[in-house]
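What follows is each chain in one-letter form.
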Amino acid sequence: MQDFKPYNEYLTALCNELVIAKHRQLVIVQGSETWCHQFANQLALKNTYVFSSNSLLANSEFPKHAHQILGQEFQHAIFDGFSGLYADKLAALAGTVKAGGILILLLPDDNNWQDPALTSITSYGEEIKHSFFNQRFFAKLKLQPHYFTEHSLPTYQSISPATAEINYQQQQACVEQIIKTATGRANRPFVISADRGRGKSAALGLAAANLQDKKILICATQAKAVQTSFKHLASELGITKEQNCKQLANLSYIAPDTLLHEKPDCDLLFVDEAAAIPVPMLLQILKSYPRIVFASTMVGYEGNGRGYTLRFLHYLRSQFKSLKTITLDEPVRFAKHDPLENSLRKLLLLDAKYPGTQSSEPFQFANISKEQLVDDEQLLSQIMALLALAHYQTTVNDLRQLLDAPELQLSICKQENALKAVCLVAVEGGLTAKIAEQVKIGKRRPHGHLMAQTITQLSQSTEDLCKRSARVVRIAVAPECHQQGIGSALLNYCEKQLDNCDYFGASFGANASLVKFWQSNGFKVIKLGFSYDKATAEHSALVIKPLTRQAKHSATQLIGEFKHDFSLQLLGHFSHLPWQLIAELLPHFPQSKCPTVLLSRAERLINSEFSLFNAQPLLWQLIWHTPISLNLLNQDTKFILIRLILQQSCTDHFISEANLSGKKELNTQFKAAVQGWYAHFKLLNNIDN
């Protein structure tokens, strides 16, 4: 058995210097799996978290999700790369390491090694023959100073650390503002944003210790994630904390779903790692509690991070003029310029920034291969930054998808050397008739092929899974280039690159502006999901654009079926759908010839003293025969007819929503809306005066 004493001596010397410097360090250990695991098992490091699926590694854990790692602290950590190079879990684990600690990354030295993590990003029927993510990752790791192999140990070079000073002023200001939130006026939420290691969770615990007369709840997706807050509360009060504490002194842990179901009383609510909680839940929590502190780490591996920043924080700023916010950028768990943090940011492009620039040069469109991307670090960084800037759910794993997923095609728009837009398209389908039949009857749901499977289940035609289709996974346009038609031009360019595809489509959280964009580019909605998207709080829309004659015939059928179903669903499940979204959908639905008997009834109705309730059934039928008849109406008229006729809102709710004085004003406005609509309806149906 190999003598590991030199390795231990090296790490002991490194850790001694890191303690003085209050820094953390990445250590690479590369060799055979047996040797790497022997290395890990003989280490004399205390309080070490071991991430591995291999039971031969002592005290190993293999959490399914990255958020199960967040919020904890360990002196050291080991990440077993043989269990899979899961980028989100590696980033999360790095955040748990304390000052003076090391993160050891175990890696193979076999060029033919098959990374288990690759199966999580591969669509059914696809195979990753070469991982460009791992190619880039391994190349950058070789530049790390502490790189051990099975056959060699680098000469130790002292880092000559100076005793570091940690600045706690930001954290103290944060604690003081939390106390003001608890003791000052209600309905003034406080938002804490921080990079990892900036003392956010500690500040919650310290504030709780200063508010012992207040009952405080701390909400997070995992009890593990709030242990740092309990630890600092215990330390400040001089009391003992249990290992997986859920209640201590005046602070109690509660899960988000329990909080909303039971709605227990409290004087102050902490929502920690708020970016990991779906936006709709955050909005419900906000309505239920008048004194709230939202805290979250703003690196994207929490999952819904961008939904939180783009949607929820925007909502808070628009609704609460007295909103207080603070950004913690001074590290308190370790000193500035931490080597581990710097290494992970470069390896995983965690701090990629989009450099917005202006230019008058013409736009250029191009397809970019994975080989080109891995060789152009600047372009890769710009793409990741632009995707993170524009989308709700960008995570660290998206870097791996971009570089490795074989079904993904990347197209970009550049102006000189500056990236202006990016579009990721997944090619789906091409499955066997046997698999397609099983998908059709609901017995199989092979990984990936999301749009192709949905079309098959809607059409009940296995051909839609056997043939190829293309789905836009992401499209992002630089903020300075919005409203210039670049997104549409890039979509058009991507469509021209598609070979042998029957459909071009996309799925997204449906709102009026997005539906307008897709429909203006020739895409039609064929499905609206029944449940809310976790990050956007919107129903997911599926849009398609047929590219072949046969697909056009099938698409026409699917659009007609969606119109028929949707007309009835608006009276039930979709009765609270935003009217602006419905207004965008209506003009694109197919028209049908209105029966003469309905036209005659319409004339009699309009010329009589009609009321809302006796007009509703007839008007509902007339509008659905000619949905485009609402298109040229003003916004107020559309609002009235959609809410009262197509969704049949209860009158009391409508009066409140429209801010009307009562039923008399409602009847007056309703009749005016119907008269305005009928003028357009007559023209479209060739009805003479």
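Look up a bit, the structure's there.
Here goes a summary of the coordinates provided. Note that the coordinates shown come from a computational prediction; the quantities given were computed from them, not determined experimentally.

Concerning the overall build of the protein
When helices and strands are tallied, the protein shows 26 helices and 20 strands. Taking 689 residues into account, the globule formula puts the C-alpha radius of gyration at 26 Å, and the protein, at 29 Å, falls close to it. By sequence separation, contacts in the protein at least 24 residues apart represent 75% of the contacts at least 6 residues apart. In the structure as shown, the protein presents an accessible area of about 31,000 Å², 49% of it carried by carbon and sulfur atoms. Separation between the mean location of the 67 positive side-chain charges and that of the 61 negative ones in the protein comes to 6 Å.

Observations concerning the packing of helix H22 (residues 596-606) against helix H23 (residues 612-625)
Between H22 and H23, whose axes approach to 11 Å, the crossing angle comes to 135 degrees. Taken as axis vectors, H22 and H23 run oblique relative to one another. Where H22 crosses over H23, the handedness of that crossing is left-handed. Only Asn614, Ala615, Leu618, Leu619, Gln621, Leu622 and His625 of H23 make contact with H22, whose side of the interface consists of Leu598, Arg601, Ala602 and Leu605. The residue inventory of the contact of H22 with H23, partitioned by class, reads seven nonpolar, three polar and one charged.

A short note on the sheet that holds strand S13 (residues 324-328)
Two modes of strand pairing occur in sheets, parallel and antiparallel, and in both the strands are linked by backbone hydrogen bonds. Pairing within the open sheet is mixed, and its seven strands lie in the order S9-S10-S8-S11-S12-S7-S13. Two strands close off the open sheet at either side, each with one partner strand: strand S9 (247-248) and S13. Inspection of the sheet shows strand S7 (residues 190-194) paired to S13 by five bridges, in the parallel sense. Across the sheet, Ile192 pairs through a bridge with Ile326, a residue of S13. Each of S7, strand S8 (216-219), strand S11 (268-271), strand S12 (292-297) and S13 touches helix H6 (residues 200-209); the most contacted strand, S12, lies at about 155 degrees to it.

Topic: the packing of aromatic side chains
One pass over the structure, following the stated rule, counts 33 aromatic pairs. Residues Phe4 and Trp35 carry aromatic rings whose centres are separated by 5.9 Å and whose planes lie at 35 degrees to one another, so their mutual orientation is tilted. Of this pair, Phe4 sits in the segment before helix H1 (5-21) while Trp35 sits in helix H2 (residues 33-42), and the two are 31 residues apart along the sequence. Ring geometry for Phe610 versus Phe670: centroids 6.2 Å apart, planes at 75 degrees, classification edge-to-face. One end of the pair, Phe610, is in the loop between H22 and H23; the other, Phe670, is in helix H26 (residues 663-684), with 60 residues separating them in the sequence. Accessibility expressed as a relative area gives 4% for Phe610, which makes it buried. We classify Phe670 as buried; its relative accessible area is 1%. By the ring-pair criterion, three or more aromatic residues cluster together here, those being Phe4, Tyr7, Tyr10, Trp35, Phe39, Phe148 and Tyr156. Over the ring of Phe334 we find Arg24, and its NZ or CZ is 3.9 Å from the ring centre. Taking NZ or CZ as reference, Lys89 lies 4.6 Å from the ring centre of Tyr86, over its face.

Some remarks on the environment of His447
In this structure, His447 sits in the loop between helix H15 (433-440) and helix H16 (450-459). In this structure His447 comes out as partly exposed when scored by relative accessible area, which is 45%. Separated by 321 residues in sequence, His447 and Glu126 place their C-alpha atoms 10.0 Å apart. In contact with His447, other than residues within four places in its own chain, are Ser120, Ile121, Thr122, Ser123 and Tyr124. In this structure the side chain of His447 is engaged in a polar contact, spanning 2.8 Å, whose partner is the backbone oxygen of Thr122.

So, a positive patch on the surface
Taken together, the side chains of Lys180, Arg185, Arg188 and Lys324 make up a positively charged region of the molecular surface. Within the element layout of this structure, Lys324 appears in strand S13. Of the residues examined, Lys324 reaches a relative accessible area of 40% and is grouped as partly exposed.

With respect to helix H7 (residues 227-237)
Listed in full, the buried residues belonging to H7 are Gln227, Thr228, Ser229, Phe230, Leu233 and Ala234. On the buried face of H7, the contacting elements are H6, S8, S9 and strand S10 (251-254). Positive backbone phi, at 70 degrees, marks Gly238, one or two positions downstream of H7.

Observations concerning the sheet that holds strand S3 (residues 60-61)
Here six strands make up an open sheet; going across it, the order is S3-S2-S4-S5-S1-S6 and the pairing parallel. Looking along the sheet, the strands with just one partner apiece sit at the ends: S3 and strand S6 (147-149). Sheet topology places strand S4 (residues 76-80) next to strand S5 (residues 102-108); four bridges connect them, and they run parallel. Across the sheet, residue Phe79 finds its bridge partner in S5, namely Leu105. Contacts from H1 reach strand S1 (25-31), S4, S5 and S6 within the one sheet, and its direction differs from that of S5 by about 145 degrees. Docked against the sheet, helix H4 (residues 132-141) engages S1, S5 and S6, running at close to 125 degrees with respect to S5.

Re the pattern of salt bridges
Across all of its chains, the model carries 23 salt bridges by this definition. For Glu377, the salt bridge is made with Arg136, and the minimal N-O distance between the two is 2.7 Å. Note that Glu377 is positioned in helix H13 (residues 377-390) and Arg136 in helix H4, a separation of 241 residues in sequence. Across the pair Lys336 and Glu330 runs a salt bridge whose closest N-O atoms are separated by 3.3 Å. For Lys336, a relative accessible area of 45% corresponds to the partly exposed category. Take Glu330: its relative accessible area is 18%, and that puts it in the buried class. The structure contains a network of salt bridges with shared partners spanning Asp195, Arg198, Glu341 and Arg345.

Conventions we followed
- Residues numbered from 1 in each chain as written.
- Predicted model: local features only at pLDDT ≥ 70, side-chain atom pairs only at ≥ 80, totals over all residues.
- Heavy atoms only, no water.
- Helix = DSSP H or I, 4+ residues; strand = E, 2+ residues; numbered from the N terminus.
- Rg over C-alpha atoms; globule rule 2.2 N^0.38 Å.
- Contact = heavy atoms within 4.5 Å.
- Areas by Shrake-Rupley, 256 points an atom, 1.4 Å probe, with all protein chains shown as cover.
- Lys, Arg positive; Asp, Glu negative; His and termini not counted.
- Charge placed at Lys NZ, Arg CZ, Asp CG, Glu CD.
- Axes fitted to C-alpha atoms, helices over the stretch in contact; angles between N-to-C directions.
- Parallel < 35°, antiparallel > 145°, perpendicular 65-115°, else oblique.
- Left-handed = near helix turned anticlockwise from the far one by under 90°.
- Nonpolar A, V, L, I, M, F, W, Y, C, P; charged D, E, K, R; others polar.
- Pairing = 2+ DSSP bridges.
- Phe/Tyr/Trp six-rings, centres within 6.5 Å; stacked < 30°, edge-to-face > 60°.
- Buried < 20%, exposed > 50% of the residue type's maximum accessible area, 1.4 Å probe, protein only.
- Lys NZ or Arg CZ within 6 Å of the ring centre and 35° of its normal.
- Polar contact = N/O pair within 3.5 Å; in protein donor to acceptor, adjacent residues only side chain to side chain.
- Patch = residues over 30% accessible without salt bridge, like charges linked within 9 Å, V, L, I, M, F, W, Y side chains within 5 Å.
- Salt bridge = Lys/Arg side-chain N within 4 Å of Asp/Glu carboxyl O.

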